[in-house]
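What the coordinates show
Next come the chains, spelled out residue by residue.
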Amino acid sequence: MTARTTTVLLAPDKFKGSLSAAGVADALARGIADAAPDWVCVRAPIADGGDGTVDAAVAAGWDRVPVETTGPTGAPVSTSYARGGPTAVVELASAVGLELLPDGAPDPLCATTYGLGTVIRHALTSGARSIVIGVGGSASTDGGAGMLQALGVAITDRTGAPVGPGGRALRHAAHVDLSGLLPAAREARFTLACDVDNPLLGPLGAAAVYGPQKGASAADVALLDDALRVWADAVTAATGTDVCERPGAGAAGGTGFGAMAVLGAVSRPGVEIVLELADFAGRVRAADLVITGEGSLDAQSLHGKAPVGVAAAAGAAGVPVLAVAGRSTLSPEQVREAGFLRALALSDLEPDPARSMANAADLLRELGRTIARDTPTG
């Protein structure tokens, strides 16, 4: 009787600074093939709503649509979104993310989400009627104002002059005119792939919590919070609804607020959305083992990060899950409670972080060999 072939579903997130999610999956597959050439590896790279979300959709068979836009400071940027039928997946990080700041120089007061709106506009005018926005990795704190301006919303000061880009300029936002909003944006359904529940304003808001990560000083944070308050008042006056306190309104420098207030967006956990895009539930039923992971497996991973979402979905299907990581600070008990059989880390093979990151592909290949040798199969 011929033994049944072992099928492994490779569903890692990126190893930030080292490899894309697809690169991680490829390295693991090479290692598994070295030690168990009869095993079948199915690649399903995933993300949590931040950078890599479009790539995850494309890897699942969606079409990649290239588009030209502008980055967080207005410089030209070539990016793309994913399209599957009437739905488009748009990634904030690949249009106006932190990594697109010229020379990496922060611009916390003037960085804008205008380029994100340009990508959304392209998707809508090309026929998309459902837009998923991955909101991780924002460089700006503009409350989504730039995104909305790109979609036709007019924001003016008390003299009727247009308000400029960035969060600081929102101190002068006196009037929001929604009459020019792209008709397709009025009709479309918007979903935010979002893993934070911060409100827009205050000590837990967009400026206070995330501003320092974007280079904002204490004085900048105070200025931005005040500016977002002015912006929120103007938007509320225009829409008749105040969503400042809604969980996720503070996501991506307040982009969540702009999308919720004007576009009617609803927020859902990022990894949940990505797993749906990748038809993970369908794929995992055919698997004997799932391997997931990310660059750092730590306490933050337990709160909505992609590998734990994968573990939950695989566990529901009764399929065992292994985690791989650049490093893991979780205890064995935490690893098991998160749904993993065990966690394997590159740091166990190469303790030096710089060498580990530089040689991540080779080290992951070695972990793939280890998994193939040490995992019992039926």
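What you see is a predicted model; the values in this text were computed from it and never measured. (Residues numbered from 1 in each chain as written. Predicted model: local features only at pLDDT ≥ 70, side-chain atom pairs only at ≥ 80, totals over all residues. Heavy atoms only, no water.)

**A word on the overall build of the protein**
Here is the rule: Secondary structure elements are taken from DSSP: a helix is a run of H or I of four residues or more, a strand is a run of E of two residues or more, and numbering for both begins at the N terminus. When we talk radius of gyration, it's over C-alpha atoms, and the globule rule is simply 2.2 Å times the number of residues to the 0.38. Burial here depends on accessible area, computed with a 1.4 Å probe over protein chains only, as a share of the maximum for the residue type. Under 20% is buried, over 50% is exposed, and the range in between is partly exposed. Residue contacts follow a heavy-atom distance rule, with two residues in contact if any of their heavy atoms lie within 4.5 Å. Using a 1.4 Å probe, accessible areas were evaluated by the Shrake-Rupley method; residue-level cover was limited to the displayed protein chains. Residues counted as positive are Lys and Arg, residues counted as negative are Asp and Glu, and His and the chain ends are not counted. Where a charge lies is defined by one atom per residue type, namely NZ (Lys), CZ (Arg), CG (Asp) and CD (Glu).
Per the secondary structure count, the protein includes 15 helices and 13 strands. Relative to a compact globule of 378 residues, whose C-alpha radius of gyration would be 21 Å, the protein shows 22 Å and is just as compact. Overall, the protein is about 80 × 40 × 35 Å in size when its C-alpha atoms are taken along their principal axes. Looking at the 378 residues of the protein, the share that counts as buried comes to 53%. Put simply, 72% of the contacts in the protein that link residues at least 6 apart link residues at least 24 apart. A total of about 15400 Å² of accessible surface is found on the protein, and carbon and sulfur atoms cover 53% of it. Between the centroid of the 28 positive side chains of the protein and the centroid of its 39 negative side chains there is a distance of 4 Å.

**Overview of the domain arrangement of the protein**
Accessible area lost upon the coming together of the parts serves often as the stated size of an interface. Operational definition: Domain start and end points were adopted from an automatic or database domain assignment.
Taken domain by domain, the protein comprises domain 1 (7-45 + 297-374) and domain 2 (53-270). On a C-alpha basis, the centroid separation for the pair domain 1 and domain 2 is 32 Å.

**A short note on the side chain of T113**
Structurally, T113 can be placed in the loop between α3 (93-96) and α4 (114-125). Residue class for T113 comes out buried when judged on its relative accessible area of 0%. The residues contacting T113, other than those within four sequence positions of it, are V96, S140, D142, G144, A145, G146, M147 and T255.

**Points about the sheet that holds strand β12 (residues 321-328)**
For sheets, the rule is that strands pair by backbone hydrogen bonds, running either parallel or antiparallel. The condition that has to hold: Paired strands, in this sense, are two strands between which DSSP finds at least two bridges. Helix axes are fitted only over the stretch in contact, all axes being lines through C-alpha atoms; the angle between N-to-C directions runs from 0 to 180 degrees.
An order of β2-β1-β11-β12-β13 is seen for the five strands of this open sheet, with the pairing classed as parallel. Either end of the sheet is taken by a strand with one partner, and the two such strands are β2 (40-43) and β13 (342-345). Sheet twist, expressed as the mean angle between neighbouring strand axes with direction ignored, is 25°. Here strand β11 (residues 289-297) pairs with β12 via seven bridges, running parallel. Pairing of I291 across the sheet is with L322, part of β12. Packed on one face of the sheet, helix α12 (residues 306-316) meets β11 and β12 and runs near 160° to β11. Set on the sheet, helix α15 (residues 360-374) makes contact with β11, β12 and β13; between it and β13 the angle comes to about 145°.

**Remarks on the pairing of strand β9 (residues 189-193)**
Taken across its five residues, β9 has four buried, putting it largely inside the fold. As paired elements, strand β6 (residues 130-134) and β9 share five bridges and run parallel to each other. Each bridged residue has a counterpart across the sheet, and for I133 the counterpart in β9 is L192. In the sheet, β9 pairs with strand β10 (residues 266-268) via three bridges, with the strands oriented parallel.

**Structural notes on the nonpolar core**
Filter applied, for reference: Throughout, nonpolar core names a set of buried Ala, Val, Leu, Ile, Met, Phe, Trp, Tyr and Cys residues whose side chains join them through atoms within 4.5 Å.
Residues L124, F190, W231, F257 and L263 are the most contacted members of the largest nonpolar core, which totals 63 residues. If we ignore the near neighbours within four places in the chain, the residues touching F257 are G143, L200, W231, A232, V235, V243, C244 and A249. Within the second largest apolar cluster, 26 residues are counted, among which are V271, A306, A323 and A325.

**Observations concerning the state of the cysteines**
The test is simple: Cysteine sulfurs are considered disulfide-paired once they come within 2.5 Å of each other.
Applying the stated criterion across every chain, the model contains zero disulfides. Lacking any disulfide linkage, C244 is separated from the closest cysteine sulfur, that of C194, by 15 Å. What makes C244 buried here is its relative accessible area of 6%.

**Describing the packing of helix α8 (residues 218-239) against helix α9 (residues 251-263)**
Note the cut-off: For this classification, under 35 degrees means roughly parallel, over 145 means roughly antiparallel, 65 to 115 means roughly perpendicular, and everything else is oblique. What makes a crossing left-handed is the near helix being turned counterclockwise from the far one by less than a right angle; a clockwise turn instead makes it right-handed. In this classification, the charged set is Asp, Glu, Lys and Arg, the nonpolar set is Ala, Val, Leu, Ile, Met, Phe, Trp, Tyr, Cys and Pro, and all remaining amino acids, among them Gly, are polar.
Packing of α8 against α9 brings their axes to within 10 Å, and their N-to-C directions diverge by 15°. Between α8 and α9, the angle falls in the class roughly parallel. Considering only the axes of α8 and α9, their crossing is left-handed. Each of W231, A232, V235 and T239 in α8 lies in contact with α9, whose residues at this interface are F257, A261 and V262. Looking at the contact of α8 with α9 residue by residue, the class counts come to six nonpolar, one polar and no charged.

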